[in-house]
Amino acid sequence: MAGKYDDLAAQIVELVGGKSNVKCVAHCITRVRFKLKDESKANDEAISELPNVIKVMHANGQYQVVVGNIVEDVYDAVLKAGGFSDGGAVDADDDDAALKGVTDVIIDLISGIFAPMLGTFAAAGIMKGLLALATFLVPSFANDGAYTLLYTVADGMFYFLPVVLGFTAAKKFKMSEFNGMAIAFALVYPTMVALTSGEVVGSVELGFAGTFSWYTTFLGLPLIMPASGYTSSVIPILLMVWFGSTLEHWVKKWMPASMKMFFTPLIVVTVTVTLGYLVIGPIATLITNLLGEFFALLFGLPMIGSLLGCTLVGAFWMCLVIFGFHWSLVPIALVNLSTLGHDYILGSVIAHSFSLGAVLFAMYLKNKDEKFRGIALPAMISAFFFGVTEPAIYGVALPDKKAFINASIGSAVGGLIIGLSGAVVYMSGGLGVFNWLSFIDPSGVNGINHMIWAIVASFVGAAVGFAIEFATYKPEAAK
C-alpha cells in the first residue's frame, strides 16, 4: 500500500542524483540529511519546488532537505524509495572528512550523535517538568508510588545518558554499537558509581580546573573520578568511544577472521574502559571543568555578566540554528546540568520560538495571500507550541530578512529578562510551551519562580517581535 509521502520521497531520491549518489541518509527534527558523493548532481531548485519541501541547505558536509514536522514520515519513505537501511548506511567509505573544515567536522559529529535521541530526550525532560510541577502543587505526591514509577520514566534516560551516547557515538564513529554501549555500561556500573560515596584515598588540587580525587587504585595507579561518578555525563563517553573506534579499526586490520567475533570486542572494551578510567576520564573531567569555568566567567562578570551572556545567546541563537552551530552549545548545557544542577545557556533562549511565532502572526494578519498564509500558519503553530522553528525560519522569516532580524530582537529581549531575573533551567526538557516546565526547581528552593520569569520572557519577547513586525511589515513590498 502506497504511503502518503512515497511520491515525494521518490522524487527527492531521484533529484539528489539517485540512489547511487547517496552515501547515507539520516534525519533530525525537521530535516532529511543526505551525504552525497557529488552534491553538484542534486537539483536544488527542483527539490525546493516539491510540495512539503520548505528549503534545501548545504551545511556541515550534508545535503539537507527541510520538510518540517513531517520529517519522520518523509524519512521513512525515503528509506523505502532508495532501498536504504535505517540509519542510511549505503557506503561505508566516508573519505571526505579530511576535505571539510574542522568546524564542519565537529558540528557534523555533534549533530549526528545528539540528533537521533533528541525526541525521546525531550520527552523525558517534559515528564521531569510535569513531576516537578506536581510535587510543587501537591508536596505529598513525592512519597507516592506513582511518583516513583513516573520518575523512572523521567530520569532513566538522564541517568544512563552515557549508554545512549555510547550507542549513537559508536554509530557515528563507525564502531560496533554494542562495543560502544559496553564501554558506557562500565561507566555507570553501580559498583563504580558507589566508589565515590566512600573514603577519598587521595586528591590533587588544580585551582580553577578543580579538585581531582580518587577512591581506589588499579595496579597502584589512581582511579580519578568526579564526585558524582560518570552517570549523566557527556564528554567522557564521547572521548572514550572515539578512542575505542580508533582501536577497533586497528584491531580488525590484523585480527584473524576466525577470532574477530570474540577477541575484537574483548580487546577494544577492556583497553578502552581501563584507559577510560585511568586517563581519558580525568582528561574529560578537566575539559568539562574548563568549559564550565569559561561560561561561569562570562555569565559571572560583575554587573553585566548574566545580562550580556543571556542577551547575546538569545540574540544569535537562530543564527546558530541556521548553520547548525547550536549543536556546539548543547553538550556544554548538558555538562552544566550534570555538574551544576542547572543551566543558563538553554534558559537564555526561551523566547526565541515565541518571538518568531509572533512575527509570523503579525505577517499572517497583514498578508492576505492564501499561499503565504498556508505556509505561515502551520509554521507559527510549530514555533509557538512545539518550539520547532526551522519551518518558520526557512519558509518565512529568513527569505524576508527583516522578519528574521525582528524575531532575533524579540529573542534578545527575552534573554535580557532571563539575565535580569537570574532564571535557569533545571533539566533539558521540551521545546516551546513545554520548555517552561524546565524552569521548575525540583529541589523546591526556587519553586516555580523561574518558570514565571520564563513565561514573562516568552511573552515579552513575543510582544516585541510582534510589535516591530506589525509596524514595519509591508506585504506588497515583501512580494
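Preceding block: the structure.
Keep in mind it's a predicted model, so treat the numbers as computed, not measured.

1. Quick look at the overall build of the protein
Looking only at helices and strands, the protein features 19 helices and 7 strands. For 479 residues, the compact-globule estimate of 2.2 N^0.38 gives 23 Å, and the protein sits close to it at 24 Å. The principal-axis extent of the C-alpha atoms belonging to the protein is close to 75 × 55 × 45 Å. For the protein, the residues scored as buried account for 50% of the 479 residues in total. In the protein, of all internal contacts separated by at least 6 residues, the share reaching a separation of at least 24 is 69%. Here the protein displays about 22,000 Å² of accessible surface, and carbon together with sulfur accounts for 68% of that area. Looking at the protein, you have 26 positive and 34 negative side-chain charges, and the mean spots of the two groups are 6 Å apart.

2. Remarks on the pairing of strand β1 (residues 22–27)
Examined bridge by bridge, β1 and strand β2 (residues 31–36) share 5 bridges and lie antiparallel to one another. Bridging across to β2, Cys24 finds its partner in Lys35.

3. What to know about helix α1 (residues 6–15)
Asp6, Leu8, Ala9, Ile12, Val13 and Leu15 are the residues of α1 that are buried. On the buried face of α1, the contacting elements are β2, α2 (44–48), β4 (62–66) and α3 (71–82).

4. Things to note about the sheet that holds strand β5 (residues 202–205)
Whenever strands of a sheet pair, they do so through backbone hydrogen bonds, lying parallel or antiparallel. Read across the sheet, 3 strands follow the order β5-β6-β7 without closing on themselves; strand pairing throughout is antiparallel. In this open sheet, the two edge strands, each paired with only one partner strand, are β5 and β7 (221–225). Taking the axes of each pair of neighbouring strands and ignoring which way they run, one obtains an average angle of 40° across the sheet. Bridge count for β5 against strand β6 (residues 211–218) is 4 bridges, and the pairing is antiparallel. Note that in β6 the partner of Ser203 across the bridge is Ser213. Sitting on the sheet, helix α11 (residues 257–299) touches β6 and β7, and the angle it makes with β7 is about 40°.

5. A word on the nonpolar core
Counting 102 residues, the largest nonpolar core has Phe114 and Leu165 as its most contacted members. Each residue touching Leu165, except ones within four places of it in the same chain, is listed here: Ile113, Phe114, Met117, Ala170, Ser233, Val234, Ile237 and Leu238. Core analysis: the second largest hydrophobic core is formed by 28 residues, Ala9, Ile12, Val16 and Leu50 among them.

6. Considerations on the pattern of salt bridges
All told, the structure shown has 2 salt bridges when counted by the stated rule. Here Lys80 makes a salt bridge to Asp6, at a shortest N to O gap of 3.2 Å. Taken together, the residues span a long stretch of sequence, with Lys80 in helix α3 and Asp6 in helix α1 at a distance of 74 residues. For the salt bridge of Lys252 with Glu248, the shortest nitrogen-to-oxygen distance reads 3.7 Å. Of this pair, Lys252 and Glu248 both sit in helix α10 (residues 235–254), separated by 4 residues, roughly a single helical turn. Lys252 gets classed as partly exposed once you look at its relative accessible area, which sits at 40%.

7. Describing the packing of aromatic side chains
How two aromatic rings sit relative to each other is given by the distance of their centres and the angle of their planes. The tally for this structure, following the rule as stated, stands at 10 aromatic pairs. With 6.5 Å between their ring centres and 50° between their planes, Phe354 and Phe384 make a pair best called tilted. Placement of Phe354 in helix α14 (residues 352–366) and of Phe384 in helix α15 (residues 370–386) is noted, with a sequence separation of 30 residues between them. The buried category is assigned to Phe354, whose relative accessible area is 6%. Centre to centre, the rings of Trp436 and Phe459 are 6.0 Å apart; their planes meet at 35°, and the pair counts as tilted. Taken as a pair, Trp436 in the loop between α17 (402–421) and α18 (449–472) and Phe459 in helix α18 lie far apart in primary sequence, 23 residues in all. Classification of Phe459 as exposed rests on a relative accessible area of 54%. Over the ring of Phe470 we find Lys366, and its NZ or CZ is 5.1 Å from the ring centre. In this structure, Arg373 packs its charged tip against the face of Tyr364, placed 4.1 Å from the ring centre.

8. Some words on the packing of helix α8 (residues 177–187) against α10
Orientation of α8 relative to α10, taken along the N-to-C sense of each, is 140°, at an axis distance of 10 Å. Between α8 and α10, the crossing angle belongs to the class labelled oblique. Judged by the sense of rotation from one axis to the other, the crossing of α8 with α10 is right-handed. Between α8, through Asn179, Gly180, Ile183, Ala184 and Leu187, and α10, the contact on the second element is made entirely by Ile237, Met240, Val241 and Glu248. Taken together, the residues of the contact of α8 with α10 sort by class into 6 nonpolar, 2 polar and 1 charged.

9. Overview of a nonpolar patch on the surface
Together, Leu297, Leu301, Ile304, Leu308, Leu312 and Phe316 make up a nonpolar patch on the protein surface, roughly 530 Å² of accessible area in all. For Leu312, the position within the fold is in helix α12 (residues 305–323).

10. Digging into the sheet that holds β4
The strand order across the open sheet built from 4 strands is β1-β2-β4-β3, with neighbouring strands paired in antiparallel fashion. The open sheet has two free edges, formed respectively by β1 and β3 (55–59), since each of these has just one partner strand. Ignoring which end each strand starts from, the neighbouring axes of this sheet average 20° apart.

What counts, and at which threshold
Residues numbered from 1 in each chain as written. Predicted model: local features only at pLDDT ≥ 70, side-chain atom pairs only at ≥ 80, totals over all residues. Heavy atoms only, no water. Helix = DSSP H or I, 4+ residues; strand = E, 2+ residues; numbered from the N terminus. Rg over C-alpha atoms; globule rule 2.2 N^0.38 Å. Buried < 20%, exposed > 50% of the residue type's maximum accessible area, 1.4 Å probe, protein only. Contact = heavy atoms within 4.5 Å. Areas by Shrake-Rupley, 256 points an atom, 1.4 Å probe, with all protein chains shown as cover. Lys, Arg positive; Asp, Glu negative; His and termini not counted. Charge placed at Lys NZ, Arg CZ, Asp CG, Glu CD. Pairing = 2+ DSSP bridges. Axes fitted to C-alpha atoms, helices over the stretch in contact; angles between N-to-C directions. Core = buried A, V, L, I, M, F, W, Y, C linked by side-chain atoms within 4.5 Å. Salt bridge = Lys/Arg side-chain N within 4 Å of Asp/Glu carboxyl O. Phe/Tyr/Trp six-rings, centres within 6.5 Å; stacked < 30°, edge-to-face > 60°. Lys NZ or Arg CZ within 6 Å of the ring centre and 35° of its normal. Parallel < 35°, antiparallel > 145°, perpendicular 65-115°, else oblique. Left-handed = near helix turned anticlockwise from the far one by under 90°. Nonpolar A, V, L, I, M, F, W, Y, C, P; charged D, E, K, R; others polar. Patch = residues over 30% accessible without salt bridge, like charges linked within 9 Å, V, L, I, M, F, W, Y side chains within 5 Å.

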